[in-house]
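# Fold and geometry: a report
Residue-level listing of the chains:
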Amino acid sequence: MAGNVLVIAEQQGGKFKKAAYEVATAGRIIADQLGGEGTALVFGKEVSGIAAELGAYGVTKVLAAESDLFANYAPEGFVKVILAAIDKLKPEVVLFSATLQGKDLAPRVAAKLGVGLASDCTGLRVDNGKLIARRPVYAGKAIIQIAFKSMPQIASVRLKAFTPEVKEEGKKAPVENVTVNVDESEIKSRVKEFQETGGGKIDLTEADIIVSGGRGMKGPENFKMLEELADLLGAAVGASRAAVDAGWRPHSDQVGQTGKTVSPNLYMAIGISGAIQHLAGMGSSKVIIAINKDPEAPIFQKADYGIVADLFDAVPVLIEEVKKLKA
Amino acid sequence: MKIVVCMKQVPDTETKVRIGPDGKTIDPTDVNYVVNPYDEYAVEEALKIKEEKGDGEVTILTLGPDRAIKAIRTALAMGADKAIHLKTDDKYLDSYAVAAALAHELKDMEYDLILTGKQAVDDDAAQIGARLGALLDIPCATVVTKLTIEDSTFTANREVEGGVEIVEGSLPAVITAQKGLNEPRYASLKGIMMAKRKPLEEKEPQLDEEKLEILKMEYPPERKGGRIVGKGPEAVPELVRLLHEEAKVI
Ligand SMILES: Cc1cc2nc3c(=O)[nH]c(=O)nc-3n(C[C@H](O)[C@H](O)[C@H](O)COP(=O)(O)OP(=O)(O)OC[C@H]3O[C@@H](n4cnc5c(N)ncnc54)[C@H](O)[C@@H]3O)c2cc1C
Ligand SMILES: Nc1ncnc2c1ncn2[C@@H]1O[C@H](COP(=O)(O)O)[C@@H](O)[C@H]1O
């Protein structure tokens, strides 16, 4: 129908990801601008219990694609269900979250439909009835605005680019179970196993606060300080490439052009010089602080607040001060 | 084992982007072009698999303008056996058009495995690998940090939010390389000499009409940083106060 928007809402372990509320909000905003309605599609083994929740975010209907085959991500199966939903709903806009799953899934759907896809968008708006997507290129050194020459207009939205907005507290959306016409043999790459990284670790891309360490940390053992600080703040720990390449931190912790792109409310760069490739990954953070002993370090040019100090003196005081604040 | 590596030439990551006169693309003056960093992992993985299996052939497939030849030579010098250069003008092409042109070429090629980077660091689209999997109707695993190839199957680790997915599928397949997969080798002097004699085929790509249109390119909002709160650990309490009361982020 005219102006309809389909959003793919991700869940894990029977709970919606934060990204799902963000994409539902984005979908509702765009549907409002187009004069249509937002429908969400959610995959999983058992999801009809949670599906209705998205109603609070302004989604008017939720399609639940339940199957044992969908206990884990099953790309070809998801694609088939999405194509069927698109065929039925005829949405003008289809939105994915730019999570790892969304970034894997959206291009497959776009390829099958032979249409364009704007990935990892930081902004969406409607102009003259058409979707205009904003997205960073060259690791955020430039931003482009894109229009679509194909239908439906497909985009994935960067995490934290949209703030989840509850339209009506507790409102339940009607849930419709969709038939999953997928045979196991159609799933060409199967997730054999999912190894959870334990301890309820906050993912870098989802974290509101990130405490990052660089070469100035001098060794892996010193990251314990940053972990303590992060625990106090409910933050995630990140690292520069120098710290990762030295083997002090896993690759998954790397922030930057060839690492993760993050935009937390607060980014703490500790013993990080602020190389162009590092800035590319965290330059869109709301507030940046830097602790570095070199007053000439380029990070200070980007930092909202800087302290010129030896981190081994400053971080223990920082921990104590945060403890006082939280007490 | 026949392996195709899709490789793109991109501005190096040091590049200071300047927007060109059309207001839609970057000004290429003084830009230093290199092999896309993630494609280096793809090339390395292909070479490693070939070496482990003791036989095979690694083909580089690049769509791009004349200048891309430099990146192709780098990959050949690393050890790839041959290359196909689908020559285009130096103009922005969207992921739809690039994937379609690569898939068109791949349909006439023999391969057991296609490797790509997880993302090209110019358009940052992260689309081509997954699009190729869908267009060629073969299994695909993206953002892979560990890959094991058996006779006719693969096992790949993907680091996703909150954990690691271990994915299995049959060959032929598309795998997109993430940092951590391996340590790319440097081209040796001998490699560079040998690269000059390796087969390099230039072809005209089949280019479909694009599906996206860039309306404009802008610079991101400037950050007004540069405020030094103080020197030494004595400055920390003031920093915490500012973060709490002024910035309201803790
Ligand atoms: C293709 C490519 C991709 C790249 N991608 C990335 C990427 O994704 N992410 C990334 O981060 N980098 C990336 N880099 C690397 C980047 O160029 C830098 O080399 C890297 O960011 C430097 O890390 P660093 O700031 O920790 O180390 P350095 O530049 O060595 O800085 C260390 C800082 O610590 C300070 N310091 C030292 N001791 C102390 C102390 N006791 N107290 C306080 N301060 C101290 C120093 O003054 C210095 O400023 C990439 C490079 C290339 C070529
Ligand atoms: N023009 C191209 N020629 C060959 N391979 C490409 C081209 N563009 C992208 N690729 C491959 O697809 C990957 C992802 O690119 P992208 O989807 O543009 O981010 C790259 O790392 C390359 O391996």
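Above: the structure in question.
Right, let's walk through the structure included here.

Conventions used here
- Residues numbered from 1 in each chain as written.
- Chains lettered and ligands numbered in written order.
- Predicted model: local features only at pLDDT ≥ 70, side-chain atom pairs only at ≥ 80, totals over all residues.
- Heavy atoms only, no water.
- Helix = DSSP H or I, 4+ residues; strand = E, 2+ residues; numbered from the N terminus.
- Rg over C-alpha atoms; globule rule 2.2 N^0.38 Å.
- Buried < 20%, exposed > 50% of the residue type's maximum accessible area, 1.4 Å probe, protein only.
- Areas by Shrake-Rupley, 256 points an atom, 1.4 Å probe, with all protein chains shown as cover.
- Lys, Arg positive; Asp, Glu negative; His and termini not counted.
- Charge placed at Lys NZ, Arg CZ, Asp CG, Glu CD.
- Near = heavy atom within 4 Å.
- Polar contact = N/O pair within 3.5 Å; in protein donor to acceptor, adjacent residues only side chain to side chain.
- Axes fitted to C-alpha atoms, helices over the stretch in contact; angles between N-to-C directions.
- Parallel < 35°, antiparallel > 145°, perpendicular 65-115°, else oblique.
- Left-handed = near helix turned anticlockwise from the far one by under 90°.
- Contact = heavy atoms within 4.5 Å.
- Nonpolar A, V, L, I, M, F, W, Y, C, P; charged D, E, K, R; others polar.
- 1 Å grid on protein atoms, 1.4 Å probe; cavity = no way out; pocket = protein on both sides within 12 Å on 5 of 7 lines; lining within 4 Å.
- Points joined across faces, edges and corners; volume = space filled by probe spheres on them.
- Core = buried A, V, L, I, M, F, W, Y, C linked by side-chain atoms within 4.5 Å.
- Pairing = 2+ DSSP bridges.

Let us look at the overall build of chain A. Assigned secondary structure in chain A consists of nine helices and 18 strands. Taking 20 Å as the expected radius of gyration for a compact globule of 327 residues, we find that chain A reaches 21 Å, a close match to that expectation. With respect to the principal axes defined by its C-alpha atoms, chain A has extents near 60 × 45 × 40 Å. Taking all 327 residues of chain A together, the buried fraction comes to 60%. Split by element, the accessible area of chain A, about 12,500 Å² in all, is 48% carbon and sulfur. Where the 39 positive side-chain charges of chain A centre and where its 39 negative ones centre are 4 Å apart.

Further remarks concern the site of ligand 1. Around ligand 1 sit 27 residues, and of these A:R215, A:S240, A:T258, A:S273 and A:Q277 come closest. Near ligand 1, residues from chains A and B are present, making the site a shared one. In this structure, A:K218 approaches ligand 1 through a side-chain N or O atom, which is 3.1 Å from a nitrogen atom. In this structure, a nitrogen atom belonging to ligand 1 sits 2.6 Å away from a side-chain N or O atom of A:T258. The protein chains hide 80% of the 980 Å² of surface that ligand 1 would expose on its own.

Another point: the packing of helix α9 (residues 311-326) of chain A against helix α6 (residues 236-246) of chain B. Each pair of packed helices can be summarised by the angle the axes make with each other and by the distance between the axes. For the pair α9(A) and α6(B), interaxial distance at closest approach is 9 Å and the crossing angle is 45 degrees. As judged from the angle between their axes, α9(A) and α6(B) are oblique. The hand of the α9(A)/α6(B) crossing is right-handed. Counting all contacts with α9(A), which are made through A:A314, A:V317, A:L318, A:E321 and A:L325, the residues of α6(B) involved are B:V236, B:P237, B:L239, B:V240 and B:H244. Of the residues that constitute the contact of α9(A) with α6(B), the class distribution is eight nonpolar, one polar and one charged.

Attention shifts here to unusual backbone geometry. A negative phi holds for most residues other than glycine; trans holds for most peptide bonds. Of the consecutive residues A:M151 and A:P152, the connecting peptide bond is found in the cis state with omega at -5 degrees. With respect to the secondary-structure elements, A:P152 resides in the loop between β10 (142-148) and β11 (153-157). Omega for the bond connecting B:L171 with B:P172 falls within 30 degrees of zero, at 0 degrees, which places this linkage in the cis form. Among the structural elements, B:P172 can be located in the loop between β9 (163-170) and β10 (173-177). Even without a glycine there, the phi angle at A:K90 is positive, about 45 degrees.

It is worth spelling out empty space enclosed by the protein at this point. Under the counting rule described, the total for this entry stands at four cavities of 30 Å³ or more. Quantified by volume, the largest cavity comes out at close to 70 Å³. If you trace the largest cavity, you find 13 residues lining it, with A:R135, B:Y92, B:S95, B:A125 and B:L212 closest to the centre. The element best represented in the lining of the largest cavity is strand β7 (residues 117-121) of chain A, accounting for three residues. Taken together, the residues of the lining of the largest cavity break down into seven nonpolar, three polar and three charged. Of the volumes computed, that of the second largest cavity is approximately 60 Å³. Around the second largest cavity, the lining residues are A:Y73, A:P75, A:D104, A:R108, A:S189, A:V191, B:C140, B:A141, B:T142, B:R158, B:E165 and B:V167. Within the residue set of the lining of the second largest cavity, elements represented by two or more residues are α4 (100-113) and β13 (189-196) of chain A together with β7 (140-149) and β9 of chain B. Classifying every residue of the lining of the second largest cavity gives six nonpolar, two polar and four charged.

Residues and elements named next belong to chain B. When you line up the elements, E150 lands in the loop between β7 and β8 (153-160). Expressed as a C-alpha distance, the spacing of E150 and P233, which sit 83 residues apart in the sequence, is 56 Å. Residues in contact with E150, not counting those within four places in the same chain, are K53 and L171.

With that settled, consider the nonpolar core. The biggest cluster of nonpolar side chains holds 68 residues, and the ones touching the most others in it are A:L41, B:L147 and B:F154. If near-sequence neighbours (up to four positions away) are discounted, B:L147 is found in contact with B:E45, B:I49, B:L115, B:F154, B:T155, B:A156, B:I175 and B:L181.

Strands sit in the order β15(A)-β14(A)-β16(A)-β17(A)-β18(A)-β13(B) across an open sheet of six strands; the sheet is parallel. The sheet is open, and its two borders are formed by β15 (236-239) of chain A together with β13 (228-231) of chain B, each paired with just one other strand. For this sheet, the mean inter-axis angle between neighbouring strands, taken without regard to orientation, is 15 degrees. Where strand β16 (residues 266-270) of chain A and strand β17 (residues 287-292) of chain A come together, five bridges link them in parallel fashion. By the bridge assignment for β17(A), A:Y267 is matched with A:I288. Of the strands in this sheet, β14 (209-213), β15 and β16 of chain A are in contact with helix α5 (residues 223-233) of chain A, which crosses β14(A) at around 175 degrees.

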